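Remarks on the overall topology
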Amino acid sequence: MRGIVRAMVVALSGVLLLGGQAWATPVCTDGYMGGAPRAACGGRVFPEAYLTQDYVQYLPDPTGFKEYQHGVEYLAQLYPRWVSVFTLSQRYDDADAVSVGPDGNRSYESDDTNDGHDILVVKLTDHQVPDEGKQTLLFSLSVHGDEKGGLEGGLRAVEDLATTAQNGGKIVDGVPGYDSTTGREPTFHQFEVKNVLAKEAVYFIDFNIDGWRRGDHFATPPGLYTRGNQLGTDLNRQMPTVGYINTSRNPLQESEMNFGHRLMKEVAAEGVNGQMAYGADIHGESQSRAWVDIMYPAGQFNSVKHRRLMAIAERTKSVIDDTLYLGVANEIEERTGGDAGEGIEDSGAPSNSIPTKPARWGTVWDTLGYTDTGFIGDYLATELGVTGMDYEIAFNHSDATRPFGRPWAYLLQENYINASRAIIKTAMAYAMTQDQDFADFQIDPKGKVGYIYNPTPVTDTDANGPGRLPGPSANGIGQDGKPVEQKPYSSTNMKFFQETAPYVKGGLAQILPREVAEDPSTLDAVDTLVIADTLAPEDPEGRPYDQGAYLAAVRAWAERGGNLVLTDRAILGLQDMGILAAGSVGNTNVYQPYADFTDFSHPLLKGLRPNARQLAEYTLIGHGIGNTQSPMTTVSTSAWTGIGGVTVGTSTSSRVSVGEAPFGEGKIRITNGLRMANETLDHRYGLKDFALTYSGLYILENAMVHDAEGLGETDPEPPAQPDSGLAGLTPFLGLVPLVGLMVGTRRRRR
């Protein structure tokens, strides 16, 4: 197989590099600002790849013609109803809203020579229909200057859509023929583009003009496209991410992203319910098992938002699978094992030498083998959008595939362009109905589910304040020497239960350890009990209780049929309850919480895909990135199997991190990913409450499913409800049904 793969790489490379000599790109404007007639571009302004000789240029040629600027301006002249163009400096009437420029000085610095480049924004909508009430979408194109596919495809998608809106034509939100991870058979739609643009306002922007300009033919001195701006700053690490912040960066320090972030927030505010319908960032990568990696964002997502994110990932994959590369990728997929070869990314694996499928999706770590903070796509999806995604297109580092002077590989460029078209058009179509998708979703746990209530959040005003202060020296001073504000926060993993409760048939019940210690029969009202990270939390009113009696009651309840679900450090309670021997459970640190799953047919893994691995994105709750940064709690395999346990997932030298064991008439289930937040690293923008991936979420949803004879058949009367001061959650004593849970609570808009 390895020989076949390498032979195909050589053959494919020969095909992809066929094309004309790279020099000037014919962007055709029928004489506008001196541009060529559209007939030379096949009747288009931005021609198809086979009629193109190189990337669209930003800098003017010797005649003064600017391909990018004059091309989009001419589109706006051709299609004034559908296309408009502005710059960030125009929108904000601020000369600082530009790139760094060749002098290497930021636009707002005193020694800047005003050489920054304009950042253009293309707006696609029906301008005859008022913007009020429209869904808004935003696409960041080629924020890394050497990853050109997003920009090349985005410009052509705008032209496609404007032409189709004018002349008639449709876009679709997916192609049938796949089994959905969401657990539901998807319903597909097609929409007339003119009707879509009457209901949507779509923005396209390339923030990194410096990284682009440096590789243009008329750049002085001539050079290559670069990842960062003129200062080398990676603009895709500049977002004000909630959670861990790398202290070597100052988010929003660069003018490109300071004003870009302002635009993003305004586009969201203009959208329905103050949110974008969709936000995305299109990138390129050197190699992958897939031509397009659809990268699931990191965020605090509930059961419905997760499924909408999965749906857009699957739908986009289905369109790419159906339309990309004229069957070349499908042919390679057939000859190299296809989906059977899908697994965890390993940059050293021979199977990464060429893609084996058109597209795949997973978390950033599960697809690329690393993660980070400050991503534009994550910020759009987490903070501003209903849905959103990051995308990586393989072989799309422009000067890795086209060193200066090499021929234009038009078939490869066609791949990039068509991938971006699929990304953009599928998202626009799905945005038309996504708010209805899963609106009636419910989890059926079979029995009743309760959880141990922890009234103590992690806050910036508790005994240790915010913990570590921002900045490299933890003194509140940023990398640039200026003060950094610490944003307020109140973080608790109890929000997972609050946000999940509306989607669970029968609701979720809060249970206090003190009530259990004083009356063990309290637990008889539930079939499942979840204890998340904190085994024996404080009483909301500070009243003492017998922890030994509490744990004994939990053990006895499980033995008589209950389903005990323990996450993270609560797994240590198996030792405290005498179920496992001392020393068999331990804490360790990993890159991100993960599990190598052993049997995808196990009920705990129902709905997971074969490439699932990452359980949570702990940067959002304050943990760092690296092999010893994210905490997990695991059980020795011998101890787990010694009580009849089934190993479902392993971590850290094959220790059990996800599993199920019989216990008397009941069972014990363990997993990781719902830990309380950490304050030991820079978290200047605050902390999220939880950050489960779809894999971690599904395991918890599956773990709640249980029905025990004699349990969960009655509801005790809810006792009084004193005020504990926990923001966003109403503290309840004893067992409280869903109707009580939701009284007086406010769900945070995200």
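Rules used throughout
Residues numbered from 1 in each chain as written. Predicted model: local features only at pLDDT ≥ 70, side-chain atom pairs only at ≥ 80, totals over all residues. Heavy atoms only, no water. Helix = DSSP H or I, 4+ residues; strand = E, 2+ residues; numbered from the N terminus. Buried < 20%, exposed > 50% of the residue type's maximum accessible area, 1.4 Å probe, protein only. Contact = heavy atoms within 4.5 Å. Areas by Shrake-Rupley, 256 points an atom, 1.4 Å probe, with all protein chains shown as cover. Pairing = 2+ DSSP bridges. Axes fitted to C-alpha atoms, helices over the stretch in contact; angles between N-to-C directions. pLDDT = per-residue confidence, 0-100. Core = buried A, V, L, I, M, F, W, Y, C linked by side-chain atoms within 4.5 Å. Disulfide = S-S within 2.5 Å.

This next bit is on the overall build of the protein. Looking only at helices and strands, the protein has 20 helices and 22 strands in total. A buried classification covers 63% of the 750 residues belonging to the protein. Residue pairs at least 24 apart in sequence account for 78% of intrachain contacts in the protein once pairs closer than 6 positions are excluded. As displayed, the protein has an accessible area near 26300 Å², and 50% of this comes from carbon and sulfur atoms.

With that out of the way, let us pick up the sheet that holds strand S8 (residues 290-296). Strand order in the open sheet formed by 8 strands is S1-S2-S6-S3-S7-S10-S8-S9, with mixed pairing between adjacent strands. The sheet terminates laterally at strand S1 (83-87) and strand S9 (357-363), the two strands that pair on one side only. Across the sheet, the mean angle from the axis of one strand to that of its neighbour is 20°, orientation sign disregarded.

As a further point, take the confidence of the model for the protein. Summing up the model confidence of the protein, the mean pLDDT is 88 and the portion of residues at 70 or higher is 86%. Here residues 335-352 is a poorly scored stretch, pLDDT under 50, and it has 44 contacts once near neighbours within four places are set aside; other chains count. Taken as a whole, residues 719-750 scores under 50 in pLDDT and shows 91 contacts with residues more than four places along the chain or in a different chain.

Within soluble globular proteins, side chains that are nonpolar tend to cluster in buried spots. Val 83, Leu 124, Phe 139, Met 264 and Met 428 are the most contacted members of the largest nonpolar core, which totals 147 residues. Per-element tally for this core: the top contributor is helix H13 (residues 410-430), with 10 residues. Setting aside residues up to four positions removed in sequence, Leu 124 forms contacts with Trp 82, Val 83, Val 158, Leu 161, Ala 162, Leu 197, Glu 200, Ala 201, Val 202, Phe 204 and Met 428.

Each disulfide consists of one covalent bond between the sulfur atoms belonging to two cysteines. On inspection of all chains with the given rule, the structure shows 1 disulfide. A sulfur-sulfur separation of 1.9 Å characterises the disulfide bridge that pairs Cys 28 with Cys 41. Because the sign of the S-S torsion sets the handedness, a value of about 65° for the bond joining Cys 28 and Cys 41 places this disulfide among the right-handed ones. Of the two residues, Cys 28 is situated in the loop between helix H1 (2-16) and helix H2 (67-78) and Cys 41 in the loop between H1 and H2; the sequence distance between them amounts to 13 residues. For Cys 41, a relative accessible area of 1% puts it in the buried group.

This brings us to the pairing of strand S11 (residues 449-452). The alternating pattern of S11 places Val 449 and Tyr 451 and Gly 450 and Ile 452 on opposite faces, both of which are buried. Of the pairings in the sheet, the one linking S11 to strand S15 (residues 528-532) comprises 3 bridges and is parallel in character. Each bridged residue has a counterpart across the sheet, and for Gly 450 the counterpart in S15 is Leu 529.

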